[in-house]
Amino acid sequence: MGFSFIHAADMHLDTPFEGIARVSPEVATRLRDASLDAFDGLVDCAVRNDAAFVLLAGDNYDGSVRGVRAQLRMLRGLERLSARGIKTFIINGNHDPPEGWSAVKSWPEGVTVFGHEEVASVAVEREGVHLATVHGISFSQRTSGENLAARFTRTSAPGFHVGLLHCSAGANTEHESCCPTTVRDLQEAGM
């Protein structure tokens, strides 16, 4: 059975643009809502294409104090996906460690937020058919000098395996503390 999925990362929902007050009111409004509108477009795309699942690979927000507006917009989108039977897998990146989800009291059915203690694995099935296994781990704090990719191991489950990790692969001095890893480390995980 064929299937599709959507991967997104570094959305930084509702992050304010610097200098927004210096532009026209119409442009300021569009810029202020741009990331939220893009997220709505991602949800629309998943629904339109009947995606089996959506992966949100960290830095969904831009800090541990997340705007309520962004949290509620994301929650509404996840509710839409859940209502269509589209699973969502979320990890927290270096800009969105686990604390700070004040507006989200519970996640919709079909939403998995991976923890930060160990890599967890979740099967994705549709109509009783195993499509894939998603493996993931979140950041526990803003910086993670640990190579979290080294914790990933392909399980014996059949089919397609996806590793969900927010990291910096290769030489990148700007993001050295962001889970440094290599492409080879990622390949050796067998995902």
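Before reading on, note that the structure itself is shown above.
Every chain's residues receive numbers from 1 upward, in the order its sequence appears when written. In view of the model being predicted, local features appear only for residues whose pLDDT reaches at least 70, and side-chain atom pairs are presented and counted only at 80 or more, with totals across whole chains, interfaces and linings using the full set of residues. Side-chain numbers come from the whole structure's heavy atoms, not from hydrogens or water.

*Asks:* Before we move on, can you summarise the overall build of the chain with the specific residues and values?
*Replies:* Secondary structure elements follow DSSP: runs of H or I of four or more residues count as helices, runs of E of two or more count as strands, with numbering from the N terminus. Assigned secondary structure in the chain consists of 3 helices and 9 strands. Secondary structure of the chain in N-to-C order comes out as β-α-β-α-β-β-β-β-β-β-β-α. For the chain, the residues scored as buried account for 41% of the 191 residues in total. Residue burial considers only the protein chains on display, and all accessible areas are found by Shrake-Rupley using a 1.4 Å probe. Summed over its atoms, the accessible surface of the chain is roughly 10000 Å², and 51% of this surface lies on carbon and sulfur atoms. The buried label applies to any residue whose accessible area, calculated with a 1.4 Å probe on protein chains only, is under 20% of its type's maximum; exposed applies above 50%, and partly exposed to all values in between.

*Asks:* Outline helix α2 (residues 68–83), supporting the account with residue identities and numerical values.
*Replies:* The periodicity of an α-helix, 3.6 residues per turn, causes residues three or four places apart in sequence to face the same way. The span one expects for a helix is its residue count, reduced by one, times 1.5 Å. The end-to-end C-alpha distance of α2 is 22 Å, a good match for the 22 Å that 16 residues give at a rise of 1.5 Å each. Among the residues of α2, Ala70, Gln71, Arg73, Met74, Leu75, Gly77, Leu78 and Leu81 are the ones counted as buried. Where α2 terminates, the next one or two residues include Gly85, which has phi positive at roughly 80 degrees.

*Asks:* Hey, could you go over the sheet that holds strand β1 (residues 5–8) for me, with residue numbers and the actual values?
*Replies:* The criterion for strand pairing is that DSSP finds at least two bridges linking the strands in question. In space, the 4 strands of this open sheet follow the order β1-β2-β3-β4, with parallel pairing throughout. Among the strands making up the open sheet, the edge pair consists of β1 and β4 (111–113). Sheet twist, expressed as the mean angle between neighbouring strand axes with direction ignored, is 10 degrees. Where strand β2 (residues 53–57) lies against strand β3 (residues 87–91), 5 bridges are found, and the strand directions are parallel. The residue bridging Phe53 from the neighbouring strand is Lys87, located in β3. Its contacts with the sheet put helix α1 (residues 25–48) on β1 and β2, and the angle it makes with β1 is roughly 165 degrees. Note on contacts: a residue pair qualifies if any of its non-hydrogen atoms lie within 4.5 Å across the two residues. In this analysis, axes come from line fits to C-alpha atoms, helices being fitted only over the stretch in contact, and the angle between any two N-to-C directions falls in the range 0 to 180 degrees. The sheet contacts of α2 involve β2, β3 and β4, and relative to β3 the element is tilted by about 145 degrees.

*Asks:* Give a description of the side chain of Arg126 that names residues and reports values.
*Replies:* Structurally, Arg126 can be placed in strand β5 (residues 120–126). In this structure Arg126 comes out as buried when scored by relative accessible area, which is 17%. Polar contact is defined as a pair of N or O atoms within 3.5 Å, subject to the rule that within protein one atom must be able to donate a hydrogen and the other to accept it, and that residues adjacent in sequence are counted only when both atoms are side-chain atoms. From its side chain, Arg126 meets the backbone oxygen of Ala51 in a polar contact 2.9 Å long.

*Asks:* I'd love a proper account of the environment of Ala157, names of residues and values included.
*Replies:* Inspection of the secondary structure puts Ala157 in the loop between β6 (129–136) and β7 (160–164). A relative accessible area of 24% places Ala157 in the partly exposed class. In sequence terms Ala157 and Ser121 are 36 residues apart; their C-alpha atoms lie 9.9 Å from each other. Setting aside residues no more than four positions away along its own chain, Ala157 makes contact with His130 and Thr133.

Everything listed here is a matter of coordinates, which is why it stays silent on function.
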